[in-house]
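Below, each chain spelled out in residue letters.
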2 protein chains.
Amino acid sequence: MKTVTGIAPVNIAVVKYWGKRDEDLILPINDSLSCTLSTDFMCAKTTIMASPTFPTHRFWLNGKESDFNNERLNNCLTEIRKRANPKCGDLLNWKLHICSENNFPTAAGLASSAAGYAALVSTLSALYNVEGDISAIARRGSGSACRSIYGGFVRWNKGAKPGGEDSIACQIASASHWPEMRVLILVVSDDQKKYSSTSGMKQSVLTSELLKHRAEKIVPGRVDEIIKAIKLKNFEAFAKITMQDSNQFHAICLDTYPPCFYMNDVSRMIIELVHAYNDYQGATKVAYTFDAGPNACLYLLQNDVDEVASLINDIFPSNTNPKKH
Amino acid sequence: MKTVTGIAPVNIAVVKYWGKRDEDLILPINDSLSCTLSTDFMCAKTTIMASPTFPTHRFWLNGKESDFNNERLNNCLTEIRKRANPKCGDLLNWKLHICSENNFPTAAGLASSAAGYAALVSTLSALYNVEGDISAIARRGSGSACRSIYGGFVRWNKGAKPGGEDSIACQIASASHWPEMRVLILVVSDDQKKYSSTSGMKQSVLTSELLKHRAEKIVPGRVDEIIKAIKLKNFEAFAKITMQDSNQFHAICLDTYPPCFYMNDVSRMIIELVHAYNDYQGATKVAYTFDAGPNACLYLLQNDVDEVASLINDIFPSNTNPKKH
């Protein structure tokens, strides 16, 4: 019997991933860039037990047994076993019991699958002593999971090879490079979203005439610009690109037919509040970004956290306190 | 003393006008196409009195005196006087009292300025016996006013000349061509909108990287396709382009920085209801379109009006009945 436990962080994209060029290999149509959050507050945790006496593989997600016969889970397992250390020997034949948990809402547009698959793949790689970059394997579970393999600021290169070997994540800057950077997560709703990211982006690729233009003509320049902003610790530039890219991603969802809506009226109030606050301050102090759900992630610097958190609590008093990460 | 009264209809665009290439001349960056509503339910009415004894020009909007020194009003007046019948003689020097009224909410994204300026310009043209196309003059008041000069289905050609002489409206098909076509207006809110169309589209031209692509690469094909659908009375094709174009226009508003939001959660519920209804029917029976406001315009055929109106009343019972036009 061998037991390994691993955790993986959530990552919040500032240049969004939306649209695959290959559904099975999970190859994106554009590069994306994210910030990995600290695991102190939100993370996914995977525990894997391997035993020669287990009759079958089994899988529990957030305490509930789920079907092991899950294509993405099996793709990850197959890929990681190809890279397993030859010394593992018989361990490769042992059946696995895999328990995966998030300490935050699942499938509410809070990158739960990214953290979940990153935890799964890194725990599997510890089990089988896999060496080298494992982000391409995490990508087979959930595209953006590849970015949760690294801390700090992470770029997912879309890659060019048909097999996806070069569609990997790489760290642009470590978390210690910009230690003042903070994220506030405002949970507008922890309901499961109506449209999954997978089906939403598939429909966008099929129907949005604006998506191709975004992927080919707009994102490359944005990624270069935001990397420059991160390297120079230029918060204003970082914040503006972050907000523009969040808006453009939701614009693409709206240009999809039928349209997918991820933001609601509360999301929009938060956007208007952020712009009003920045106008009042005469400087871009806070940036919002929304993934495929109504919940806001606010990027800001440490010095501004108390004031912004108070303002949010004043304006949205019925919520539980915003969580700081 | 001479008194003339005229009315003009509202038009609801199915391929949207959004973005000017010339702010003063009101020249658009793309063609647009609309359906002119019957004046039986919603219209703008202008009464003009000209008298040699009036000491000054005066102007009333919806019963309230407003400043005559309004650039758009004066642009229309200047242009129409250039084209006045020479027989008008001294009438051209008489001062005017102009009363303009809408019988529906103003500036709530219900094309009030389009109908208003179309009524103004057609009444002025009656006063001064102007002959020929006056849509380019109405355009100087409010871009889409040029489309309210004609009934039925109307195309506004963006034109190419720097002076805007060819940026005019033309009728694609008369109302009698497709007599079964109906519009239901669902008034979600009759509040004045937060962002005027003028400032919203200006900001979109300045900041939306998707808008240029839409105007240059997407709209020309859509206009051709919807004209074909109208000529063939192909409701399904007409409806799909109408919905796609409404969504794309709001996508551009969202891609604007800072973003403009015109739709709200109720607007989105209407969109989802229309798609669900069409799915249930197995055919595209209803199309939504939203201008720069939260209110929905539903296009549908006469046979489906009763069922759809009942459904809307069931789902949104707190509203007054939808108005049929």
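Residues numbered from 1 in each chain as written. Chains lettered and ligands numbered in written order. Predicted model: local features only at pLDDT ≥ 70, side-chain atom pairs only at ≥ 80, totals over all residues. Heavy atoms only, no water.

As named in an unreviewed UniProt entry, chain A is Diphosphomevalonate decarboxylase, taken from Tribolium castaneum. The UniProt entry for chain A carries the following text under Catalytic activity (unreviewed entry): "(R)-5-diphosphomevalonate + ATP = isopentenyl diphosphate + ADP + phosphate + CO2". (UniProt positions renumbered as here; feature names shortened; annotations may be inferred.)

In this section: the state of the cysteines. All names here are of chain B. This model, assessed by the stated rule, comprises zero disulfides over all chains. Of the cysteine sulfurs around C260, a residue in no disulfide, the closest is that of C253, at 5.3 Å. With relative accessibility at 5%, the residue C260 sits in the buried group. In this model C297 remains outside any disulfide bridge; the closest cysteine sulfur is found in C35, 10 Å from its own. (Disulfide = S-S within 2.5 Å. Buried < 20%, exposed > 50% of the residue type's maximum accessible area, 1.4 Å probe, protein only.)

Turning our attention to empty space enclosed by the protein. Under the criterion given, the structure shown has six cavities of 30 Å³ or more. In terms of lining, the largest cavity is formed by 16 residues, of which the most central are A:L254, A:F261, A:R268, B:L254 and B:R268. Among the secondary structure elements, those contributing two or more residues to the lining of the largest cavity are α6 (235–255) of chain A together with α6 (235–255) of chain B. Looking at the lining of the largest cavity residue by residue, the class counts come to twelve nonpolar, two polar and two charged. (1 Å grid on protein atoms, 1.4 Å probe; cavity = no way out; pocket = protein on both sides within 12 Å on 5 of 7 lines; lining within 4 Å. Points joined across faces, edges and corners; volume = space filled by probe spheres on them. Helix = DSSP H or I, 4+ residues; strand = E, 2+ residues; numbered from the N terminus. Nonpolar A, V, L, I, M, F, W, Y, C, P; charged D, E, K, R; others polar.)

Looking now at the interface of chain A and chain B. In this complex, chain A contributes 31 residues to the contact, which on the side of chain B involves 30 residues. Considering only the surface of chain A that becomes buried against chain B, A:L210, A:L254 and A:Y257 emerge as the three largest contributors, covering 24% of it. Counting every contact that joins chain A to chain B gives four salt bridges. Between A:R222 and B:E209 there is a salt bridge, with its nearest N and O atoms 3.5 Å apart. At the boundary of chain A and chain B, one finds eight residue pairs in polar contact (both at pLDDT 80 or more). Counted by class, the side of chain A that touches chain B contains 14 nonpolar, eight polar and nine charged residues. (Contact = heavy atoms within 4.5 Å. Buried area = accessible area lost by both parts, 1.4 Å probe. Salt bridge = Lys/Arg side-chain N within 4 Å of Asp/Glu carboxyl O. Polar contact = N/O pair within 3.5 Å; in protein donor to acceptor, adjacent residues only side chain to side chain.)

Here we take up the pattern of salt bridges. Applying the stated criterion across every chain yields a total of 26 salt bridges over all chains. With a closest N to O distance of 3.1 Å, B:D265 and A:R268 form a salt bridge. Note that B:D265 is positioned in helix α7 (residues 265–281) and A:R268 in helix α7 (residues 265–281), a pairing that runs across two chains. Across the salt bridge formed by B:R58 and B:E65, the nearest N and O atoms sit 2.7 Å from each other. Look at B:R58 and you get partly exposed, because its relative accessible area is 33%. The partly exposed category is assigned to B:E65, whose relative accessible area is 38%.

Now for α7(A). In this model, α7(A) (17 residues) spans 24 Å end to end at C-alpha, consistent with the 24 Å of a helix rising 1.5 Å per residue. Turning to α7(A), its buried residues number three or more, namely A:S267, A:R268, A:I270, A:I271, A:L273, A:V274, A:H275, A:Y277 and A:N278. Its buried side turned inward, α7(A) meets β12 (181–186), α6, β13 (286–290), β14 (296–301) and α8 (305–315) of chain A together with α7 of chain B. Of the residues flanking the start of α7(A), the one acting as N-cap is A:N264, its side-chain oxygen 2.9 Å from the backbone nitrogen of A:V266. Following α7(A) by one or two positions, A:G282 adopts a phi angle in the positive range, close to 70 degrees. (Expected span 1.5 Å × (residues − 1).)

Moving on, we come to the pairing of β13(A). Residue and element names in this part refer to chain A. Across the five residues that make up β13, a large majority, five, are buried. Of the two faces of β13, the one carrying V286, Y288 and F290 and the one carrying A287 and T289 are both buried. Note: β13 against β14, five bridges, orientation antiparallel. In the sheet register, A287 faces β14, and the bridge partner there is Y299. Between the antiparallel neighbours β13 and β14 lie five residues. (Pairing = 2+ DSSP bridges.)

Here we come to unusual backbone geometry. Most peptide bonds are trans, and most residues other than glycine sit at a negative phi. All names here are of chain A. The step from Y257 to P258 runs through a cis peptide bond, and the omega angle for that step is -10 degrees. The residue P258 is located in the loop between α6 and α7 in this model. The residue N129 is not glycine, and still its phi comes out positive at about 55 degrees. Locating N129 in the fold gives a position in the loop between α2 (112–127) and α3 (135–139). Residue N129 is classed as partly exposed on the basis of its relative accessible area of 42%. The backbone phi angle of K233 is positive, close to 50 degrees, even though this residue is not glycine. In this fold, K233 is placed in the loop between α5 (209–232) and α6. Overall, K233 belongs to the partly exposed group, its relative accessible area being 39%.

Glancing now at the relation of the copies chain A and chain B. Mapping chain A onto chain B leaves a residual RMSD of 0.0 Å; the transformation is a rotation of 180 degrees accompanied by 0.0 Å of translation along its axis. Between the two chains, the operation in question is that of a two-fold axis. Within chain A, A:A251 has its C-alpha nearest the rotation axis, a separation of 2.1 Å. Looking at chain A, 97% of its interface residues are interface residues in chain B too, so the copies touch through the same face. (Least-squares fit on C-alpha atoms with pLDDT ≥ 70 in both.)

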